[in-house]
Amino acid sequence: MKNTDSKSHLQGKSIYLDDIPELQGTLHGLVYDSPVAHAKNVNIDYSEAEKLAGVIKIFTYKDIPGENQIGAIIQDEPLFAEDEVHFMGQPIAFIVAETERIAREAKKLIKFNAEELPAITDAKVAKEKGSFIAPPRTFKLGNLEDGKKKSKYIIKGTTESGGQEHLYLETQGSYAIPKENQSLTLYSSTQGATAVQSITSKILNIPMNKIEVDVNRLGGGFGGKEDQATPWAVMVSLAAFVLQKPVKMILARHDDMRMTGKRHPYTAEYTIGLSEDLKIQFYDIEFTQDAGASADLSPAITERTLFHATGSYFIPNTEITVYSCRTNTIPNTAFRGFGGPQAFFAIEAALQKAADEIGVPVREIQFKNLIKDNDEFPYGQIATETEAIHSWETTDKLFSIEKQYKEVEKFNSENTKFKKGINITPLCFGISFTNTMMNHARALVHIYQDGSVGISTGAIEMGQGVNTKMKQVAAYVFGISIDKIKLETTNTTRVANTSPTAASSGADLNGKATEIACNDLLIRLKDVASKELDAEVKDIYIKDNFVWVKENKTDLSWDKLVQIAFMQRVKLSEKGHYSTPDIYFDKTKEKGHPFAYHVYGTAVTVAKVDTMRGTYDIESVDIVHDFGKSMNLFLDKGQIEGALIQGIGWVTMEEIRFDENGRLLSNSLSSYKVPDINSVPKSVKVEALESEGHKHAILKSKAVGEPPFIYGQGAYFAIADAIKAFNKNYKCDFSAPMTHEKVLMGLYQK
Ligand code: MTE
Ligand code: LUZ
Ligand code: MOS
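What you see is a predicted model; the values in this text were computed from it and never measured.

Topic: the sheet that holds strand β13 (residues 280-292)
Right, on to step 1. Read from one edge to the other, the open sheet built from five strands follows the order β6-β14-β13-β12-β7, with strand pairing classed as mixed. Each edge of the open sheet carries a strand with a single partner, namely β6 (137-141) and β7 (153-161). Geometrically, the sheet is characterised by an average inter-axis angle of 10° between neighbouring strands, direction not taken into account.
Right, on to step 2. In this structure, strand β12 (residues 266-274) lies alongside β13, joined through nine bridges in antiparallel fashion. Paired with Thr-267 across the strands is Thr-288, a residue of β13.
Right, on to step 3. Lying on the sheet, helix α10 (residues 340-358) is in contact with β7, β12 and β13; it crosses β7 at an angle near 140°.

Given below as structure tokens:
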């Protein structure tokens, strides 16, 4: 089944934030942001700008009725800078004018004065200076000394992975409309409607019930709108609240790139030990994360790095530490995988380096150490229902791993202008917010008296198809067709206290809540049907829009049944609440059972490098993925393909660069390269692993949003493998992205 939005998307009829018709008198906002990366005694002259015709008001921190604070985890981020600025692009003021053009003219008239301070743009420097977001955290399992004793091979190394721009097609934006009695309706392109509501309430100093946040859909979020949709929504709210006029702002692409956080760059230093039989005995790794100028979601992202540090493997003795460093760059934020990809890159780099030094194929080490049932993760959870070995073996069966290696070898023995490389990337990704308290959701289901159904949940549709999945859940429980069901906007007055749609858990959490509500309604309707048909409740079910008794279809349609229930004054609306069972985590011990379940898979990537130019193509990616019992293989395969390409982009061509003054150099699409149709692998094959699914997954259909991002990193290792086939002296530095320039240097490294 297709995404139920696909037709209106194709016709351009789907409504995004900027498509909402503007009310008469709507004003437009523009952010005035810091032109320097670090300064104190900030003193700004707005007088010329304020005089410009059409400028209504310029808001600064002085105009905030509540608290000038938007930090969600750590209270270290003002909405508007006061007398210090900590990164270039930091919001200082909000210009409200009759048109955006006037606001842009006004912006040019603002005069910035301040005492500039040196900027830290490198996390390693921040670490040396002790500039941290929070104290480091360490996960431990077993005992490193034991591991060292059992190791025949001990390998030390470093790795590095870069930032990544979200580049959602729809830039950030928001539209606020004042309502009676000091209340507001707020349209926001956010993954977290409640986050927007609660921070707005804090800034305006009004209770949350005065703020209605409504989200129809996003043109992509990818984590970039989990937390960082909030400031723009708060700014338009502030202006709308004070001026009592509708106020709107949509960030221009350039402004969005300059002012919003990206994936966290990481470096890592590790020591890994293996015994003679290539079993990993210990892994000691220290990550340095570049958090940017304030915490944002960095502490949570730190956590997911810790959880995924051992990748898809069992390592009996581990010590994993993450330092989250404060620099003078844009605060980095959630991005698909949320600190997980950086951890997976490091462990795969470590295994590759170990294999190179020991002189064995890396796949031998990988396969021998895959996690299996009853193994313990470094965070104390015992692995169950593992599919790592199963998915590897299925990949071999369906895609002939050894044959592919032989073909690459044969190609390389016959060619010098081009060389091929190959890599296997195993996946094991934990599903649940690592912060246990966030794992709950609600749904509101109305059955209207004509039999049509309206559903509201806390989930936000951002292209991943969660609305389609919610409809499927209701259609499945009720036994009615999809076209009877409508998904309403995500609205904080219908479904309150939502967790952001993130951590790949949107469909599970909101789907389970929907399922619960629908089941309650179904019980009532079956009761009505049993009386109407004079049959026992246990023999009644609904299928294809009709009531059935045992195997017999009756004349009683769903629509008729609903009408009868309504006449009998039966309650036709229900709210469902779901909170993931069995999960907990004790931060004092750094042990627990944080994940409802894990998602597994295996990808085989083949790359071809042009040995004269340093350019490359990804020839093929063959994936066996653990969807569980996919409720929508069409959507789920779309998620795999999208995540794969996004992952390939991250490790190959996407390169975030700041200069030494903290200025973002890769600030537009002419200097920041992203994968396009030409960078898509020539062949992408995705097969579903035969697996049971998991009882905590919605209809046993496992979460799919983030995990497949990991497959993309296979491109890095496949390209490195190809370089090695050309240049025996090549020593990979395991620093991503693998740009064409780097490939060329590698090909001719002495
Ligand atoms: N797919 C599309 N098309 N657009 C997006 O913004 N975000 C990803 C993933 N897939 C995203 C996407 C991220 S980061 C997450 S966490 C999940 O979708 C969120 O949705 P889910 O929980 O419903 O899977
Ligand atoms: N957000 C969050 C996330 O707050 N906690 C998480 O564990 C998480 N994981 C992935 C993406 N976003
Ligand atoms: Mo996704 S990074 O959890 O929004």
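A short note on the packing of helix α6 (residues 193-204) against helix α7 (residues 230-243)
Right, on to step 1. Running from amino to carboxyl end, α6 crosses α7 at an angle of 45°, the nearest separation of the two axes being 9 Å. Comparing their axes, α7 and α6 come out oblique. Handedness of the α6/α7 crossing: right-handed. Facing α6, whose interface residues are Ala-195, Val-196, Ile-199, Thr-200, Ile-203 and Leu-204, α7 presents Thr-230, Ala-233, Val-234, Ser-237, Leu-238 and Phe-241.
Right, on to step 2. Considered class by class, the residues forming the contact of α6 with α7 number nine nonpolar, three polar and no charged.

What about the site of ligand 1?
Right, on to step 1. Within the structure, ligand 1 sits among 19 residues, and Gly-221, Phe-222, Met-462, Gly-506 and Gln-639 are positioned closest to it.
Right, on to step 2. Here a nitrogen atom of ligand 1 and a backbone polar atom of Met-462 are 2.9 Å apart.
Right, on to step 3. Within the complex, the protein chains bury 92% of what would otherwise be the 520 Å² of accessible surface of ligand 1.
Right, on to step 4. Of the residues assigned to the shell around ligand 1, the class counts are six nonpolar, 11 polar and two charged.

Here we look at the pairing of strand β22 (residues 552-557)
Right, on to step 1. In the sheet, strand β21 (residues 546-549) pairs with β22 via three bridges, with the strands oriented antiparallel. From the neighbouring strand, Val-549 faces β22, where its bridge partner is Asn-552.
Right, on to step 2. If you look at the hairpin formed by β21 and β22, you'll find two residues sitting between the two strands, and Lys-550 has a positive phi there, around 50°.

Here's the deal with the site of ligand 2
Right, on to step 1. Close contacts around ligand 2 come from Glu-226, Arg-304, Phe-338, Phe-433, Thr-434, Met-438, Ala-502, Ala-503 and Glu-706, and that covers them all.
Right, on to step 2. Ala-503 is positioned such that a nitrogen or oxygen atom in its backbone is 3.5 Å from a nitrogen atom of ligand 2.
Right, on to step 3. Here ligand 2 loses 97% of its free accessible area of 290 Å² to cover by the protein chains.
Right, on to step 4. Here the shell around ligand 2 is built from residues that sort into five nonpolar, one polar and three charged.

Re the pattern of salt bridges
Right, on to step 1. For the structure on display, the rule yields 46 salt bridges.
Right, on to step 2. With its nearest N and O atoms 3.2 Å apart, the salt bridge here joins Lys-225 to Glu-170. Taken as a pair, Lys-225 in the loop between β10 (211-215) and α7 and Glu-170 in the loop between β7 and β8 (173-179) lie far apart in primary sequence, 55 residues in all.
Right, on to step 3. Exposure remark for Glu-170: the relative accessible area of 12% places this residue in the buried category.
Right, on to step 4. Between Asp-610 and Arg-613 there is a salt bridge; the shortest N-O distance is 2.6 Å.
Right, on to step 5. Judged by its relative accessible area of 6%, Asp-610 falls in the buried class.

Scoring rules and cut-offs
- Residues numbered from 1 in each chain as written.
- Chains lettered and ligands numbered in written order.
- Predicted model: local features only at pLDDT ≥ 70, side-chain atom pairs only at ≥ 80, totals over all residues.
- Heavy atoms only, no water.
- Pairing = 2+ DSSP bridges.
- Helix = DSSP H or I, 4+ residues; strand = E, 2+ residues; numbered from the N terminus.
- Axes fitted to C-alpha atoms, helices over the stretch in contact; angles between N-to-C directions.
- Contact = heavy atoms within 4.5 Å.
- Parallel < 35°, antiparallel > 145°, perpendicular 65-115°, else oblique.
- Left-handed = near helix turned anticlockwise from the far one by under 90°.
- Nonpolar A, V, L, I, M, F, W, Y, C, P; charged D, E, K, R; others polar.
- Near = heavy atom within 4 Å.
- Polar contact = N/O pair within 3.5 Å; in protein donor to acceptor, adjacent residues only side chain to side chain.
- Areas by Shrake-Rupley, 256 points an atom, 1.4 Å probe, with all protein chains shown as cover.
- Salt bridge = Lys/Arg side-chain N within 4 Å of Asp/Glu carboxyl O.
- Buried < 20%, exposed > 50% of the residue type's maximum accessible area, 1.4 Å probe, protein only.

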